[in-house]
Amino acid sequence: MNVWIAIGLTVAGCYAVKLAGLLVPAGALERPAVRRLSALLPVALLAALTAQQTFSTGHDLVLDARAAGLAAAAVALLLRAPFLVVVAAAVVVTAGVRALGG
Amino acid sequence: MGTEQVLIQEALDGAGGRPRAAVVRDALGVGVAVGLSGFAFGVTAAGAGVSVLQACVLSLLVFTGASQFALVGALAAGGNPFTAAAGAFFLGTRNAFYGLRLSQLLALPKAVRPLAAHWVIDETTAVALAQPDRRSARLGFTVTGLSLYLLWSLTTLLGALGAEAIGDTAAWGLDAAGPAVFLALLAPMLKSTTERAVAGLALVLGLGFLPVLPAGVPVLIAALAAPAVLWLKGRSS
């Protein structure tokens, strides 16, 4: 049930902000402070989520094969690889390190 | 007439501008590449204890990847539904600003907007903004949106169903797909010192509070890195 509550809220919230952008008169969201904050919020969230999902299990900070996978993804990004290759690099390297007992 | 038909028809009506085939090729390239990563989402969702139906509902009705990954990640970590949804929502707020840009660029009829809104995401915005004229932008938005939506939903289903067949998703390294997706979305945003400062502070806050606060809350605290850095920057200049 908890999962459905979370899904319902996410569906409603995410659609509402998408629609708001298309419907709101341009001036309302054009204030520089609002624009700056909106550009920076995803940066903060994505950085925190990347770190958490790479370096934690539950409430514990851990360093395991996922770190190697993320490093591979970072290298792929620096080489300007396509999106799918970046994700595949992370998956393959993580699996490889685990197979080697890392 | 559906959104896509209206948009495609209007795109076909005009002459001149960029060749339609070139726009369609670019749009399909993005739509297919990113659409296929719905498979990783389906597998991740299943690994997080989300049912096949729930995973599909998320892809069909939320349709903004980072928010979806964040939600199932937070639920897997034991977050309550409100903090989990709040993190997904804040990630989705950037789509409001994409919509603002797109509403001027595409100049959609009012009746079409509620439908088109569902497709306002990173990829459709990127393709539409890259076009030199309105007709190409509309075509790029529509083809990217349609191909990505269909493939993302389909591969989510396959991933969620396949997760059982795959067995231990961790052994296959699929738990690294979520963070890799986040990193791929984050990397192009790190343009100046401000962005990098926000990312660095958010990383420290997100990991620092993780052991001591309930799941989901550290990410919301990490989001405060954005206003904090803006405030510090305002004071120093």
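Chain A is annotated in an unreviewed UniProt entry as AzlD domain-containing protein from Streptomyces racemochromogenes.

Concerning the overall build of chain B
When helices and strands are counted, chain B shows 14 helices and 0 strands. For a compact globule of 237 residues, the expected C-alpha radius of gyration is about 18 Å, and chain B comes in at 19 Å, within 12% of that figure. Taken along its principal axes, the extent of the C-alpha atoms in chain B is 60 × 55 × 30 Å. Looking at chain B as a whole, 54% of its 237 residues are labelled buried. In chain B, the share of contacts with a sequence separation of at least 24, taken over all contacts with a separation of at least 6, comes to 76%. Counting only carbon and sulfur atoms, one obtains 68% of the accessible surface of chain B, whose full area is about 9600 Å². Charged side chains in chain B number 14 positive and 11 negative. The centres of these two groups are separated by 14 Å.

Let's talk about the packing of aromatic side chains
Note on aromatic pairs: each is described by the distance of the centres and the angle between the planes. All names here are of chain B. For the structure shown, the criterion picks out 6 aromatic pairs over all chains. Between Phe-69 and Phe-182, the ring centres sit 6.1 Å apart and the planes meet at 75 degrees, which makes this aromatic pair edge-to-face. Highlighted residues: Phe-69 in helix α5 (residues 65–76) and Phe-182 in helix α11 (residues 177–186), separated in sequence by 113 residues. Judged by relative accessible area, Phe-69 falls into the buried class, the value being 1%. With relative accessibility at 0%, the residue Phe-182 sits in the buried group. Measuring from centroid to centroid gives 6.5 Å for Trp-119 and Tyr-149, while their planes differ by 45 degrees, and the two rings are tilted. Placement of Trp-119 in the loop between α8 (113–116) and α9 (122–129) and of Tyr-149 in helix α10 (residues 134–166) is noted, with a sequence separation of 30 residues between them. For Trp-119, a relative accessible area of 8% translates into the label buried. For Tyr-149, a relative accessible area of 17% gives the class buried. A connected cluster of aromatic rings, assembled from ring pairs, spans Phe-41, Phe-69, Trp-152 and Phe-182.

Description of helix α2 (residues 20–36) of chain B
Here α2 of chain B spans 24 Å end to end across 17 residues, near enough to the 24 Å set by a 1.5 Å rise per residue. Among the structural elements, α5 (83–99) of chain A together with α3 (38–47), α9 and α10 of chain B are those in contact with the buried residues of α2 of chain B.

Let's talk about a nonpolar patch on the surface
On the surface, Phe-39, Leu-154, Leu-157, Leu-158 and Leu-161 of chain B cluster together into a nonpolar patch covering about 420 Å² of accessible area. Mapped onto the elements, Leu-154 of chain B comes out in helix α10.

Concerning the side chain of Thr-10 of chain A
As for its placement among the helices and strands, Thr-10 of chain A is situated in helix α1 (residues 2–23). Polar side-chain contacts of Thr-10 of chain A include one of 2.7 Å to the backbone oxygen of Ala-6 of chain A.

Quick word on the UniProt feature "transmembrane region" (unreviewed entry) in chain A
All names here are of chain A. Mapped onto the present numbering, the UniProt feature "transmembrane region" (unreviewed entry) falls at residues 6–25, 37–55 and 67–97. End C-alpha to end C-alpha, residues 6–25 measures 30 Å, and it is 90% helix and 0% strand. Split by type, residues 37–55 is 100% helix and 0% strand. Its first and last C-alpha atoms lie 27 Å apart.

Observations concerning the packing of helix α3 (residues 32–55) of chain A against helix α6 (residues 81–92) of chain B
Where α3 of chain A contacts α6 of chain B, the two axes come as close as 8 Å, and the packing angle between them is 135 degrees. With respect to their mutual orientation, α3 of chain A and α6 of chain B come out oblique. Here the hand of the crossing between α3 of chain A and α6 of chain B comes out left-handed. Facing Pro-42, Leu-45, Leu-46 and Leu-49 of chain A of α3 of chain A, the residues of α6 of chain B in contact are Gly-87, Phe-90 and Leu-91 of chain B. Partitioning the contact of α3 of chain A with α6 of chain B into residue classes produces 6 nonpolar, 1 polar and no charged.

With respect to the confidence of the model for chain A
With 97% of its residues at a pLDDT of 70 or more, chain A has an overall mean of 91. Put simply, helix α2 (residues 26–29) of chain A is where chain A has its lowest mean pLDDT, 71, and helix α4 (residues 65–78) of chain A is where it has its highest, 97.

Re the interface of chain A and chain B
Taken together, the contact pairs 62 residues of chain A with 90 residues of chain B. When chain A packs against chain B, the two sides together hide about 6600 Å² of surface, and 79% of this comes from carbon and sulfur. On the chain A side of the contact with chain B, Lys-18, Leu-22 and Phe-83 of chain A bury the most area, a combined 12% of that side's loss. The interface formed by chain A and chain B holds 1 salt bridge in total.

Quick notes on the environment of Ala-12 of chain A
By the element assignment, Ala-12 of chain A lies in helix α1. Put simply, Ala-12 of chain A and Ser-38 of chain A are 26 residues apart on the chain and 19 Å apart in space, counted from C-alpha to C-alpha.

A short note on α3 of chain B
Each α-helix turn comprises 3.6 residues. Residues three or four places apart therefore point the same way. Residues and elements named next belong to chain B. Gly-38, Ala-40, Phe-41, Gly-42, Val-43 and Ala-45 are the residues of α3 that are buried. Of the surrounding elements, those touching the buried residues of α3 are α2, α4 (52–62), α5, α10 and α11. At the C-terminal side of α3, Gly-49 shows a positive phi close to 85 degrees.

So, the pattern of salt bridges
Under the definition given, this model contains 4 salt bridges over all chains. In this structure, the salt-bridge partner of Asp-175 of chain B is Arg-98 of chain A, at a minimum N-O distance of 2.9 Å. With one member in each of two chains, Asp-175 of chain B in the loop between α10 and α11 and Arg-98 of chain A in helix α5 form a pair that bridges those chains. What makes Asp-175 of chain B partly exposed here is its relative accessible area of 27%.

Calculation criteria
Residues numbered from 1 in each chain as written. Chains lettered and ligands numbered in written order. Predicted model: local features only at pLDDT ≥ 70, side-chain atom pairs only at ≥ 80, totals over all residues. Heavy atoms only, no water. Helix = DSSP H or I, 4+ residues; strand = E, 2+ residues; numbered from the N terminus. Rg over C-alpha atoms; globule rule 2.2 N^0.38 Å. Buried < 20%, exposed > 50% of the residue type's maximum accessible area, 1.4 Å probe, protein only. Contact = heavy atoms within 4.5 Å. Areas by Shrake-Rupley, 256 points an atom, 1.4 Å probe, with all protein chains shown as cover. Lys, Arg positive; Asp, Glu negative; His and termini not counted. Charge placed at Lys NZ, Arg CZ, Asp CG, Glu CD. Phe/Tyr/Trp six-rings, centres within 6.5 Å; stacked < 30°, edge-to-face > 60°. Expected span 1.5 Å × (residues − 1). Patch = residues over 30% accessible without salt bridge, like charges linked within 9 Å, V, L, I, M, F, W, Y side chains within 5 Å. Salt bridge = Lys/Arg side-chain N within 4 Å of Asp/Glu carboxyl O. Polar contact = N/O pair within 3.5 Å; in protein donor to acceptor, adjacent residues only side chain to side chain. UniProt positions renumbered as here; feature names shortened; annotations may be inferred. Axes fitted to C-alpha atoms, helices over the stretch in contact; angles between N-to-C directions. Parallel < 35°, antiparallel > 145°, perpendicular 65-115°, else oblique. Left-handed = near helix turned anticlockwise from the far one by under 90°. Nonpolar A, V, L, I, M, F, W, Y, C, P; charged D, E, K, R; others polar. pLDDT = per-residue confidence, 0-100. Buried area = accessible area lost by both parts, 1.4 Å probe.

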